[in-house]
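The lines below spell out each chain.
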Amino acid sequence: MKIQKDLIRSEDPAKERILKAAFKLFYSKGYPNTGINEILEEAGAFKKSLYIHFPSKKDLGKAYLLEQEEAILGFVKRIAKREKKYSDFIKSWMKMLRRGLKNTYIYGCPYANLSNQTHDEPEISDFVKVALSRWVQDFENCLKEITWSSKKVKTESELKEISESILFYYQGALQLYGMSGDFKHIHRLEKALLSLDK
């Protein structure tokens, strides 16, 4: 399944308002607790505008997930291009993550939140499973350019294992942070990620 960027890219102001409203409400109230009429009211849009671009709430949910994926992974890729040493990459990422959590992501990872709220929707669940493979691949691609403290070049299987561990630690820490608001989980995340540099 390819990323359907047309779900989120548009020149149509009504579509942009609908997306902005949906993103805000899905994150603050949760996907199951947000109704279409609420999104339309927040967006100042009509049902016709919604259904032209998004035949269902699931399509809005997938657009939300794509936007969050692009934001999170794009951010990681930019840091990896700038920081060539693994420990510097992790420290820079965690510094920016803390800033984002204070200002924007106060309820934890928006991607994981919506994913966890839609287990009973197979279309979105399948969409997320494919995305998780993309996340691991993107982390692997970033890590190929990284210098490790051992100076040893990592094999493909080592890079995949490290990438899966990064995703595991990241999502676990963000979920605990979202539940508690306690930054100790982000400090533990940094420590766990730095320990992968062997």
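About the criteria used
- Residues numbered from 1 in each chain as written.
- Predicted model: local features only at pLDDT ≥ 70, side-chain atom pairs only at ≥ 80, totals over all residues.
- Heavy atoms only, no water.
- Phe/Tyr/Trp six-rings, centres within 6.5 Å; stacked < 30°, edge-to-face > 60°.
- Helix = DSSP H or I, 4+ residues; strand = E, 2+ residues; numbered from the N terminus.
- Buried < 20%, exposed > 50% of the residue type's maximum accessible area, 1.4 Å probe, protein only.
- Core = buried A, V, L, I, M, F, W, Y, C linked by side-chain atoms within 4.5 Å.
- Domains from an automatic or database assignment.
- Contact = heavy atoms within 4.5 Å.
- Salt bridge = Lys/Arg side-chain N within 4 Å of Asp/Glu carboxyl O.

Novice: How would you summarise the packing of aromatic side chains if you had to cite specific residues and measurements?
Specialist: For the structure shown, the criterion picks out 11 aromatic pairs. With a centroid separation of 6.4 Å and an interplanar angle of 55°, the aromatic rings of tyrosine 86 and phenylalanine 89 are classed as tilted. Pair noted here: tyrosine 86 and phenylalanine 89 are both in helix α5 (residues 86-103), with a separation of three residues, about one helical turn. Classification of phenylalanine 89 by relative accessible area gives buried; the value is 1%. Ring geometry for tyrosine 111 against tryptophan 135: centres 5.1 Å apart, planes inclined by 55°, an arrangement best described as tilted. Residue tyrosine 111 is found in helix α6 (residues 110-116), and its partner tryptophan 135 is found in helix α7 (residues 122-143); the two are separated by 24 residues along the sequence. As far as burial versus exposure is concerned, tyrosine 111 and tryptophan 135 are alike and both buried.

Novice: Describe the nonpolar core, with residues and values.
Specialist: Grouped together as the largest cluster of nonpolar side chains are 60 residues, with contacts concentrated most on Leu60, Tyr86, Phe89 and Trp93. Residue assignment for this core shows that the elements contributing at least two residues are α1 (13-29), α2 (36-43), α4 (57-82), α5, α6, α7, α8 (156-180) and α9 (184-194). Looking at this core element by element, the count peaks at 10 residues for α4. Counting residues domain by domain, this core receives three or more from each of domain 1 (11-55) and domain 2 (58-196). Those residues in contact with leucine 60 that sit more than four places away from it in its chain are Ile18, Leu19, Ala22, Phe26, Ile36, Ile39, Leu50 and Phe54.

Novice: Can you tell me about the pattern of salt bridges, naming the residues and giving the values?
Specialist: Applying the stated criterion across every chain, the model contains nine salt bridges. Notably, a salt bridge pairs arginine 98 with glutamate 190, separated by 2.5 Å at the nearest N-O pair. Note that arginine 98 is positioned in helix α5 and glutamate 190 in helix α9, a separation of 92 residues in sequence. Look at arginine 98 and you get buried, because its relative accessible area is 17%. By relative accessible area, which is 15% here, glutamate 190 ends up buried. Of the charged contacts, one joins lysine 152 and glutamate 158 as a salt bridge, the two residues approaching to 3.5 Å between their closest N and O atoms. Sharing partners across several salt bridges, the network here consists of Asp59, Lys62 and Glu123.

Note that every value here comes from positions in space, so none of it alone points to a role or purpose.
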